[in-house]
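Residue strings, one per chain:
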Amino acid sequence: MNTTSSAHRRSRWLLIQTMAVFAFLYLPILVLIVYSFNGESVGGFPPRGWTLRWYRILMDDDALWSAVGNSLLVALAAMLLALAFGLPAALALDRASFPGKAVFRRLVLLPLILPGIITGLSLLMLFVTAGMKLSLLTIALGHGTALISVATTEIFAGLQKMDRAQEEASLDLGATNWQTFWRITIPNLRLAIIGAGLLIFTLSMDEIAVSFFLIGRDNTLPLEIWSRLRRGITPEINAVSTIIFLFSLVMILVWYRVRTRRGEELAELVPLKP
Amino acid sequence: MISPAQTATDSGTAEKTGGVEPLLSIRSIAKRFGSTAVLHDVSLQVAQGELLTVLGESGSGKTTLLRLIAGFEQADGGEIFMEGERLDPLPPYRRRVNTVFQHYALFPHLSVFENVAYGLRVRKVARTEIPQRVEKALALVKMSEYTRRAPSQLSGGQQQRIALARALVNQPKLLLLDEPLSALDANLRRQMQLELKSLQREVGISFVFVTHDQEEAMALSDRIALLRSGELEQVATPREIYSRPATAYTARFIGQTNLMRGRITNGVADCGTLKWRCSGPDGPATFSLRPESIRLCDAGSSGKADFVRFRAVIRSQTFGGATDLLETACPDGGVVLVRIASRGNIQRDCEFEFCADDAILVRG
Amino acid sequence: MYSRAYKTAVAAPPLAWVAVFLLAPYAFLFCYSFWTVSQQVIVHHWNLANYRQLLDNAMYPTVLLRSMRIAGSVTLLSLLLSFPLAYYLSFRSRRKELLYQLVIIPLWVSYLVRAYAWKTILGSDGVLNTLLQYVGVIEHPAEFLLYSPFAVVLTLTHIYTPFTFLPIYASMEHIPRNLVEAAQDLGAAPMRTFWTVIFPLSLPGALAGATFAFVLSLGDFLAPLLIGGPSGIMISNVVVSLFGAAYNWPLGAAISASLLLLVLALLFLVERIEKKLSFS
């Protein structure tokens, strides 16, 4: 029948479009991985010979490894910081009312939508004015500040899903606010907190725009890669990128274990609703 | 406007289906989801201008049957014909069938007017014709004053009316209603039942109405099709299905009943202590006896020929407004429900009687 | 139900943090933008000279307009890629969970890694040029691919398409399926259903995604530095150079402050539109 076949054509067209978008998303990453095993240092087509040389060079690259160490340190600090302030922020947004709450909410979430350069620069000015030396600490403070937004939204979403009656039951049964917080609220938010932590860790490991302005003597991994990139293309960067890609994949798998639907939260987040 | 008293009367439609070609004809339809058969060999006909109710418990397949007619599901076997032409290969948007959805499914981004106009616009009805047809449809459901509102500003009952208008404005040959009243509270629900029925008479369009509520089915329908686990149990007028249930399931599902199991031997039914003359074939048998078919014996009345008498102890008496429901225990331990006109407390031990013709021989 | 002490305990620490690390820095940004540099020293002399310079020197509006053009193209392309993808996943696919996760994965792949990948593909000795030469489509490498606004748009589109996709997909998933059935029931074919029901109801999500893509690409300076070349310079690159070699923090702060105000105005506008678009 005529209509069915035209509907069929349309749905095949849609399938082709979908596959094209997936190709667009994945081909560059695939190229990157393939060329990390390329025998020659020039990245022309077709790839010539297979080698693990670039990975071997990578293993002996002390500067890179110390940057990895720095990044892990910064990510850990940023994660703890963001959670330490994001959790009370989410609780406050969920259950306290105070003057300026709407402004507070918008401010907390702002770094998520703001280009990194603005967050980075304004923090730079704060640190310079306060006479602080730029170091890994300033980067961690910067990441922590920017990523409180992530902790807040994730935990706030968890609070929204939580049954308020549980806490009321706990108070009714004679528990204090403090006991209720540790015995009921925190266990209920466990998934959201773990999820937020993983997310913040990954985002911090990858962050570059804010770090760019707050960097002291020690490089984080993305900044180390950045400084080498400006010098030109080397397959070593491909190898490092491949490893980062695998690291991201592992984080995603862990992340899915924790099972949070990020899309819905993104939609709720922007535009910053009152 | 048709008064409730008139609409409540029965208009038998069994004869409507005979002779003339039916509007809709479902032939041996089957549908399975994965490994579970949801519908199994269902055949059903809907007559022109008829209000047919598909009644069943949740999971009986009634909504699936409706979705097959609307075109949202594809059958795994069988065919559906409308006015003699195959309906089932057509996509939903090519069928002259419209649906009133369970939760109304009004478009939240369109005004009441645009919701009702939607079907006309997509079917490319002349632009000039649309306003008057929409107005007419809204007047039909008494919602003319709400044209500019958004659906979110309407109550459940009002949304229900808009959903009806949105479907009816397209002048479908058949209107499908999927538990349209289930979200309304009891009073509004009864009122909407009456309105729906009079509306159906007014527009003359065939309705197929899905519900799990047997009282609703009885009040509304020309005919009831009772579905049980994907198979049709009985199709008949409400009166017939109530007074002459074909199966034990039907008798129990529609109204209250006493199911009595026993045997027929040489034209005599034998259920424990009770015996009466009966025309069924020999063998095990089940009878359905409605509680209101049983009555208290007057003190001195001598037993009439066709009446069966028994003594029973009254275990409880539940006040139900116009009638009382008695739960009685026969000497053999069997529990018998009896419905009588309301009165003060009755003595513990009574004699009851029923007409042998009222004990209906049912299958199962 | 929560005591005053509880509310204070949860509200005070984040409020203090936000005041010190968000509010104060933004205030500093504005302060700096009213100061000047004289003989390589920042002078706290309040004036509007920086802003005047932004308007007088044609270079700044030009670069800003180019940035907005690039950000606009990225947004448009991301939307064009995301809409069919989200529609397919949400309404047509039987393996939507798997495909959804496949779209998410690139989102977690390092920004830098992806920008770098495009550099290796688009360069004159890059994969694309050598592939085209290998196949014989071109004889000499096409130089316009890398170090151009085109490269920046392509890279940023690659980076922000999953960002745009997510909220669109989420709002499509929130569309009750019976609305789609109702549209078909009333006679609308699939395309018509998409345009009259699915599209308008997914607009809030599209707006959210577009805002993300636009604002984040507007302020990007890494992709332009890496693959943009001189013709792909964006507004944030100007800021970076003012804070670096050019050493004029006040002027850089003035540009950043303007950018911040622009973004805030945009967010305000988006919020107004979003309210009009949501119907629940």
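On a predicted model such as this, the values are computed, not experimentally measured, just so you know.

Scoring rules and cut-offs
Residues numbered from 1 in each chain as written. Chains lettered and ligands numbered in written order. Predicted model: local features only at pLDDT ≥ 70, side-chain atom pairs only at ≥ 80, totals over all residues. Heavy atoms only, no water. Pairing = 2+ DSSP bridges. Helix = DSSP H or I, 4+ residues; strand = E, 2+ residues; numbered from the N terminus. Axes fitted to C-alpha atoms, helices over the stretch in contact; angles between N-to-C directions. Contact = heavy atoms within 4.5 Å. Expected span 1.5 Å × (residues − 1). Polar contact = N/O pair within 3.5 Å; in protein donor to acceptor, adjacent residues only side chain to side chain. Buried < 20%, exposed > 50% of the residue type's maximum accessible area, 1.4 Å probe, protein only. Buried area = accessible area lost by both parts, 1.4 Å probe. Salt bridge = Lys/Arg side-chain N within 4 Å of Asp/Glu carboxyl O. Domains from an automatic or database assignment. Nonpolar A, V, L, I, M, F, W, Y, C, P; charged D, E, K, R; others polar. Parallel < 35°, antiparallel > 145°, perpendicular 65-115°, else oblique. Left-handed = near helix turned anticlockwise from the far one by under 90°.

Visitor: Could you clarify how one ought to interpret the sheet that holds strand S20 (residues 360-362) of chain B in this entry?
Guide: Where strands meet in a sheet, backbone hydrogen bonds hold them as pairs that are either parallel or antiparallel. Residue and element names in this part refer to chain B. One open sheet holds the five strands; their spatial order is S13-S12-S11-S14-S20, and the pairing between them is antiparallel. The open sheet is flanked by strand S13 (274-277) and S20, the only strands paired with a single partner. Here the average twist between neighbouring strands, direction ignored, is 40°. Of the strand pairs in this sheet, strand S14 (residues 283-289) and S20 are connected by three bridges, and their pairing is antiparallel. If you follow Thr286 over to S20, its bridge partner there is Val362.

Visitor: For this particular structure, what's the right way to read the sheet that holds strand S3 (residues 51-56) of chain B?
Guide: Residue and element names in this part refer to chain B. With mixed pairing, six strands are arranged side by side in an open sheet as S6-S7-S8-S3-S9-S10. With partners counted over all chains shown, the strands left at the sheet margins are strand S6 (97-100) and strand S10 (231-236), one partner each. The average angle at which neighbouring strand axes cross in this sheet is 20°, direction not considered. As paired strands, S3 and strand S9 (residues 223-228) are joined by five bridges and run parallel to one another. Residue pairing for S9: Leu55 is matched across the bridge by Leu226. The sheet contacts of helix H6 (residues 156-168) involve S6, strand S7 (174-178) and strand S8 (206-211), and relative to S6 the element is tilted by about 175°.

Visitor: In this structure, what is going on with helix H12 (residues 249-277) of chain C? I would like to understand it.
Guide: What sets the pattern is the α-helix's 3.6 residues per turn: residues three or four places apart point alike. Between the first and last C-alpha of H12 of chain C there are 41 Å, a value that for 29 residues agrees with the 42 Å anticipated at 1.5 Å per step. Looking at where H12 of chain C begins, the residue whose side-chain oxygen comes 3.2 Å from the main-chain nitrogen of Leu251 of chain C is Asn248 of chain C.

Visitor: Explain unusual backbone geometry here, please?
Guide: Positive phi outside glycine occurs at Glu83 of chain B, with the angle close to 45°. With respect to the secondary-structure elements, Glu83 of chain B resides in the loop between strand S4 (77-82) and strand S5 (85-86). Judged by relative accessible area, which is 36%, Glu83 of chain B ranks as partly exposed. Positioned with a positive phi, Tyr247 of chain C is a non-glycine residue whose angle comes to about 40°. Tracing the chain through its elements places Tyr247 of chain C in the loop between helix H11 (235-243) and H12.

Visitor: Got a minute to help me understand the interface of chain A and chain C in this structure?
Guide: Many authors give the size of an interface as the accessible area that is lost as the parts come together. Across the contact, 93 residues belong to chain A and 92 residues belong to chain C. Overall, the association of chain A and chain C removes approximately 8,900 Å² of surface from exposure, summing both partners, and the carbon and sulfur fraction of that is 80%. Summed over the shared surface of chain A and chain C, the result is one salt bridge. A salt bridge links Arg106 of chain A to Glu271 of chain C, with the shortest nitrogen-to-oxygen separation between them at 3.0 Å. At the boundary of chain A and chain C, one finds nine residue pairs in polar contact (both at pLDDT 80 or more).

Visitor: How should the domain arrangement of chain B be read in this particular structure?
Guide: All names here are of chain B. Here chain B is partitioned into domain 1 (4-247) and domain 2 (256-362). Each of domain 1 and domain 2 was reduced to a C-alpha centroid, and the two centroids are 39 Å apart. Contacts between the two partners involve seven residues from domain 1 and, on the opposite side, five residues from domain 2. Buried surface at the junction of domain 1 and domain 2, summed over both partners, amounts to about 510 Å²; 49% is from carbon and sulfur atoms. In this structure, the connection of domain 1 to domain 2 is made through zero salt bridges. Considering only residue class, the side of domain 1 that touches domain 2 consists of four nonpolar, two polar and one charged.

Visitor: Just to check I follow, could you spell out the pattern of salt bridges for this structure?
Guide: Oppositely charged side chains are able to pair whenever their charged atoms sit close together. All names here are of chain B. What the rule picks out here adds up to 30 salt bridges over all chains. In this structure, Glu114 and Arg121 form a salt bridge, with 2.8 Å as the shortest nitrogen-oxygen distance. Linked by salt bridges that have partners in common, Arg295, Arg309, Arg311, Asp349, Glu351 and Glu353 make up one network.

Visitor: Help me understand the environment of Leu229 of chain A, please; the structure alone is not making it clear to me.
Guide: Within the secondary structure layout, Leu229 of chain A lies in helix H10 (residues 221-229). Each residue touching Leu229 of chain A, except ones within four places of it in the same chain, is listed here: Ile237 of chain A together with Leu112, Tyr116, Lys119 and Leu226 of chain C.

Visitor: How should I be thinking about the packing of helix H3 (residues 59-92) of chain C against helix H7 (residues 149-173) of chain C in this particular structure?
Guide: A pair of packed helices is captured by two measures, namely the crossing angle of their axes and the spacing between those axes. All names here are of chain C. Taken N-terminus to C-terminus, the directions of H3 and H7 make an angle of 40°; their axes are 6 Å apart at the nearest point. It follows from the interaxial angle that H3 and H7 lie oblique. Every pair of crossing elements has a handedness; the one defined by H3 and H7 is right-handed. When the residues that make up the contact of H3 with H7 are grouped by side-chain class, the tally is 20 nonpolar, seven polar and one charged.

Visitor: Can you walk me through the packing of helix H3 (residues 62-95) of chain A against helix H6 (residues 136-161) of chain A in this structure?
Guide: All names here are of chain A. Between H3 and H6, the shortest axis-to-axis distance is 5 Å and the interhelical angle comes to 40°. When the interaxial angle is binned, H3 and H6 end up oblique. Two packed elements cross with a definite hand, and for H3 against H6 that hand is right-handed. Taken together, the residues that form the contact of H3 with H6 break down as 22 nonpolar, six polar and two charged.

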